[in-house]
Amino acid sequence: MAFPQAASRFLVPLGLAVAFAQASIYDVPGGFRAVMFDRFSGVKDKPTGEGTHFLVPWLQRAILYDCRIKPRNISTTTGSKDLQMVSITLRVLSRPDVEHLPRIYQSLGMDYDERVLPSIGNEVLKAIVAQFDAAELITQREVVSSRIRADLLQRAGEFNIKLEDVSITHLTFGKEFTQAVEAKQIAQQDAERAKFIVEKAEQERQAAVIRAEGEAEAAATISKAMDKAGDAFIALRKIEASKAIVQSLAANGNVTYIPSSGVLLNVPTK
C-alpha cells in the first residue's frame, strides 16, 4: 500500500508540471503575428513572429492576428459632378501593418478591417466621383482609379492598414444617363449615315459630269471624222458593229446558221 501512495504523491505534481508547461507554450502559424497582453504591464509594444514561444500562464495572453492579404469589395451609389447617379464597386486587397499591430489591437480590436475599410472607402469614393462628370468617369477611368487609390492609401495608412491593390471592378450609371448615351449614339450613327449619302451623291454627280464630258469629246471627235471622211467613216462603223454582232452570235450555242451574203452588213460595195 506504501508504493501506490508514494506514486500518487509524484503523479499529482507531475501532472501539474505538464499542464503548466503546456499552458506556457503557444504557436504562431505562418502568416500570423501575436500581440502579447500582460495583466500588469498591458499590451506589449512588439508583436511576436511565427513559431513556438513561451508565456507566463494566467499573467500573459497571446492574441493572434492574420497578417495575410485579404480581399474586400466596397460598393456605393453617389452623384457625379453633373448630378448623375453612379454605382461604383472597388476591390481592395488589404493587410495590417505588422509593426503597429499592438496599436491596432488597442484602438480597433480584432475586426479592424470591418470597422475601417467600408467607412473610408465610401468616403473616398463619394469625394472623388463628385469631381468628375459622368462621361469623364468613362473616358478617364484610369485617372479616377489612380485618384481613388492615392486617397484611399492615405486614409488607410492613418489606421495602420496597408493596401496592396485598389481597382474599380464595377461602374454603372442611372437609367436616364444610359438612355441619353444610347440616344447620342443613335444620333451619331444617323449623322454618319447622312454624311455617307451626301458623299455618295457628290461622287455620283462628279462621275456624271466626267461621263458627259467624255461623251461630248467623243461626239466632237466623230463629227470631225465625218467632216473629213464623209460616208466612209459611217461605213467603217457599220462594219465594226456587224463584226461584233457576228462574233456574239457565233459564240451563242443556240444559233445554228449565220448568213454569209452580207445581209447583216448591208454595206454598199461601191
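Every value quoted in this text rests on a predicted model; they were computed, and no experiment measured them.

### Points about the packing of aromatic side chains
Next, step 1: Summed over the entire model, instances satisfying the criterion amount to two aromatic pairs.
Next, step 2: Measuring from centroid to centroid gives 6.5 Å for Tyr-65 and Tyr-105, while their planes differ by 90 degrees, and the two rings are edge-to-face. Of the two residues, Tyr-65 sits in strand β5 (residues 60-66) while Tyr-105 sits in helix α2 (residues 101-107), which places them 40 residues apart along the sequence.
Next, step 3: Residue Tyr-65 is classed as buried on the basis of its relative accessible area of 2%.
Next, step 4: Its relative accessible area of 21% is what places Tyr-105 among the partly exposed residues.
Next, step 5: Aromatic side chains Tyr-65 and Tyr-112 sit 6.3 Å apart centroid to centroid with 45 degrees between the ring planes, which places their arrangement in the tilted category. With Tyr-65 in strand β5 and Tyr-112 in helix α3 (residues 112-129), the pair connects residues that are 47 residues apart, well separated along the chain.
Next, step 6: Given the relative accessible area of 2%, Tyr-112 is considered buried.
Next, step 7: Three or more aromatic residues joined by ring pairs make a cluster, and in this case those are Tyr-65, Tyr-105 and Tyr-112.

### Here we look at the nonpolar core
Next, step 1: In this structure, Tyr-65, Leu-90, Ile-148, Leu-152 and Leu-163 are the most contacted members of the largest nonpolar core, which totals 35 residues.
Next, step 2: Residue assignment for this core shows that the elements contributing at least two residues are β5, β7 (85-96), α2, α3, α4 (134-139), α5 (141-157) and β8 (161-173).
Next, step 3: With eight residues, the single largest contributor to this core is α3.
Next, step 4: Taken domain by domain, the makeup of this core includes at least three residues from each of domain 1 (22-67) and domain 2 (70-173).
Next, step 5: Contacts of Leu-163, omitting those with residues within four sequence positions, involve Val-92, Leu-93, Ser-94, Leu-117, Leu-152, Leu-153 and Ala-156.

### Some words on the environment of Leu-93
Next, step 1: Counting through the fold element by element, Leu-93 comes out in strand β7.
Next, step 2: For Leu-93 and Pro-71, which are 22 residues apart along the polypeptide, the C-alpha to C-alpha distance reads 4.5 Å.
Next, step 3: Those residues in contact with Leu-93 that sit more than four places away from it in its chain are Ile-69, Lys-70, Pro-71, Lys-162, Leu-163, Glu-164 and Asp-165.

### A closer look at the side chain of Asp-38
Next, step 1: Looking at the secondary structure, you find Asp-38 in strand β2 (residues 32-38).
Next, step 2: Here Asp-38 is buried and forms no salt bridge, its nearest opposite-charge partner Lys-44 lying at an N-O distance of 4.2 Å.
Next, step 3: Among the polar contacts made by the side chain of Asp-38, one reaches the main-chain amide nitrogen of Phe-40 at a distance of 2.8 Å.
Next, step 4: Engagement of the side chain of Asp-38 in a polar contact is seen with the side chain of Gln-60, the distance being 3.2 Å.
Next, step 5: If near-sequence neighbours (up to four positions away) are discounted, Asp-38 is found in contact with Lys-44, Leu-59 and Gln-60.

### Points about the packing of α3 against α5
The relative placement of two packed helices comes down to the angle between their axes together with the axis-to-axis distance.
Next, step 1: Between α3 and α5, the shortest axis-to-axis distance is 10 Å and the interhelical angle comes to 140 degrees. As for how α3 packs across α5, the hand of that crossing is right-handed. Contact with α3, carried on its side by Ile-120, Gly-121, Glu-123, Val-124, Leu-125 and Ile-128, involves Val-144, Arg-147, Ile-148, Asp-151, Leu-152, Arg-155 and Ala-156 of α5 and no other residues of that element.
Next, step 2: Residues of the contact of α3 with α5, tallied by class, amount to eight nonpolar, one polar and four charged.

### Here we look at the pattern of salt bridges
Next, step 1: Considering all chains together, one arrives at 11 salt bridges under this definition.
Next, step 2: Of the charged contacts in the structure, one is a salt bridge between Glu-50 and Arg-33, with a shortest N-O distance of 3.5 Å. Of the two residues, Glu-50 sits in the loop between β3 (42-43) and β4 (51-54) while Arg-33 sits in strand β2, which places them 17 residues apart along the sequence.
Next, step 3: A residue is classified by how much of its surface remains accessible, and Glu-50, at 46% relative accessible area, is partly exposed.
Next, step 4: With relative accessibility at 23%, the residue Arg-33 sits in the partly exposed group.
Next, step 5: Measuring nitrogen to oxygen at the nearest pair gives 2.9 Å for the salt bridge that ties Arg-72 to Glu-114. Taken together, the residues span a long stretch of sequence, with Arg-72 in strand β6 (residues 70-79) and Glu-114 in helix α3 at a distance of 42 residues.
Next, step 6: Linked through salt bridges whose partners overlap, the residues forming this network are Lys-70, Arg-72, Asp-113 and Glu-114.

### As for the confidence of the model for the chain
Next, step 1: Overall, the predicted model of the chain reaches an average pLDDT of 84, with 84% of residues at or above 70.
Next, step 2: A low-confidence stretch, residues 262-270 stays under pLDDT 50, and its non-local contacts, those more than four residues away or across chains, total seven contacts.

Criteria and thresholds
Residues numbered from 1 in each chain as written. Predicted model: local features only at pLDDT ≥ 70, side-chain atom pairs only at ≥ 80, totals over all residues. Heavy atoms only, no water. Phe/Tyr/Trp six-rings, centres within 6.5 Å; stacked < 30°, edge-to-face > 60°. Helix = DSSP H or I, 4+ residues; strand = E, 2+ residues; numbered from the N terminus. Buried < 20%, exposed > 50% of the residue type's maximum accessible area, 1.4 Å probe, protein only. Core = buried A, V, L, I, M, F, W, Y, C linked by side-chain atoms within 4.5 Å. Domains from an automatic or database assignment. Contact = heavy atoms within 4.5 Å. Lys, Arg positive; Asp, Glu negative; His and termini not counted. Salt bridge = Lys/Arg side-chain N within 4 Å of Asp/Glu carboxyl O. Polar contact = N/O pair within 3.5 Å; in protein donor to acceptor, adjacent residues only side chain to side chain. Axes fitted to C-alpha atoms, helices over the stretch in contact; angles between N-to-C directions. Left-handed = near helix turned anticlockwise from the far one by under 90°. Nonpolar A, V, L, I, M, F, W, Y, C, P; charged D, E, K, R; others polar. pLDDT = per-residue confidence, 0-100.

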